[in-house]
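Commentary on secondary and tertiary structure
Below are the chains, spelled out letter by letter.
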Amino acid sequence: MNHPSELKLERHLLDPSRSSVQSHVEGCGDCQSRLALMEKQGEDFRRFVYPATLDKVLEPHTRFRFTPLKALWLAAPAMGLAAVLVMVTRGPDKDYIGEKGGFELTAYAALPDGTRAWATETRCRPTLPCASTCGRRRSARSPSSR
Amino acid sequence: MGGDHIAELYRQWGPAIYRRCLRLLHDQEGARDATQEVFRKALSSPEKLSDPDLALPFIYRIATNHCLNERRNSGRRGETELADLDMPSDHPDFPTRRLVQRVLSRFDAKTQSIAVGVLVDGMEHEEVADALGISRKTVSRKLQRFLEHARKYLERSAA
C-alpha cells in the first residue's frame, strides 16, 4: 500500500475537508499514527517554540532602521528650531541707537586761541542700556550730528 | 507588514515548518533555530504565505534546502555525523534509503532535495516538482543521475 507523502499529510492537517487522502487516512492505522505525531509536534511548536522565537522573528520588522525619509522627519524639528532662533536673535529694533565699541563723548571748549577738546574718554558700556548711564550725554550728541 | 500580521503568519505556518525541520534534522533545538530562520526567509515572499495553496510547497522547499544545508555544514565542521533519515531497517526501501544517506552529501543542493523528497519522504515526482518549483522532467532526470552516480560510488567503495 502506498502511503501519502508528508506534504499530502500536511495538506490534510491544514484542511481535512479538502484533503485528497481523507479516505486513505480513515482506513490506515499507520497514517493515523503519523498524523497524531504531526499534531503533537505542531502542539509542541505552539507551546514552546512559538513563544521562545517570536521576538527574534519580529526583530527585523520592529527594529528602527535609518532611511533617508526618516532622516527628513528627524531634520524637520531641527529646522523649525533653527528658524525660531533666527527670528529671536535677528537684531535690534528700528529705534535702537548703537555704535560699535560704544559711545564716546568729547566736550569742546571755545578758547581764545581756538577750540580744544575739554573732556573725553567717557564710554558707554554696550552691555548696559545707554539711557541709564549716559542718557544725558547721548542726547547731547545725537548720531545725526556726528 | 505589521508585527501582528507576521505573528499570525508564524502561528499559522510555524508548525509545518517545525515538523519539516524536525524530520530532517532530528534535533529539537536545531529544528527550533531552523524554524525561525526558514520563516524569516519565507517572509521575503509574503504573498505566497497568504495563499494556502502556494504556501505549503513554498515553505517545504525553503525548509528542505535550509535543513540540508545545515546538515552539510555541520558535517563539514565535523560537529555531528549525518543523522539517520528515518530508515527503519525492516522497511522494503531500506537498501535504497541507505544508499541515499551515504551519498547524499556528494551532490548539489537541488539534487539532494529531490533525492530526499522522492526516496526519503516518499513524495511523487509531481509533488517534488511542485514543491521545488521545477519541472517533473527535471526531477526524473536529476533523480536518475543521482542513482547512477550513487551506484558507481558504492561500487568503487566496495572495490
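Below is a short write-up of the structure. These figures come from a predicted structure and were not determined experimentally.

Brief notes about the interface of chain A and chain B
Taken together, the contact pairs 26 residues of chain A with 30 residues of chain B. With both chains or domains summed, chain A and chain B bury close to 2,700 Å², and 65% of this area falls on carbon and sulfur atoms. The largest share of the area that chain A buries against chain B comes from Leu7(A), Phe45(A) and Val57(A), three residues that together contribute 22% of it. Between the two partners, chain A and chain B, sit five salt bridges. Between Arg23(B) and Glu6(A) there is a salt bridge; the shortest N-O distance is 3.7 Å.

So, unusual backbone geometry
Glycine aside, the phi torsion of most residues is negative, and most peptide linkages are trans. For His26(B), which is not glycine, the phi dihedral falls at a positive 55 degrees. Relative to the elements of secondary structure, His26(B) occurs in the loop between α1 (3-25) and α2 (28-42).

Considering a nonpolar patch on the surface
Residues and elements named next belong to chain A. On the surface, Leu-69, Leu-72 and Trp-73 cluster together into a nonpolar patch covering about 420 Å² of accessible area. With respect to the helices, strands and loops of the structure, Leu-69 is situated in helix α4 (residues 68-88). Taking the relative accessible area as the measure of exposure, Leu-69 reaches 56% and is therefore exposed.

Scoring rules and cut-offs
Residues numbered from 1 in each chain as written. Chains lettered and ligands numbered in written order. Predicted model: local features only at pLDDT ≥ 70, side-chain atom pairs only at ≥ 80, totals over all residues. Heavy atoms only, no water. Contact = heavy atoms within 4.5 Å. Buried area = accessible area lost by both parts, 1.4 Å probe. Salt bridge = Lys/Arg side-chain N within 4 Å of Asp/Glu carboxyl O. Helix = DSSP H or I, 4+ residues; strand = E, 2+ residues; numbered from the N terminus. Patch = residues over 30% accessible without salt bridge, like charges linked within 9 Å, V, L, I, M, F, W, Y side chains within 5 Å. Areas by Shrake-Rupley, 256 points an atom, 1.4 Å probe, with all protein chains shown as cover. Buried < 20%, exposed > 50% of the residue type's maximum accessible area, 1.4 Å probe, protein only.

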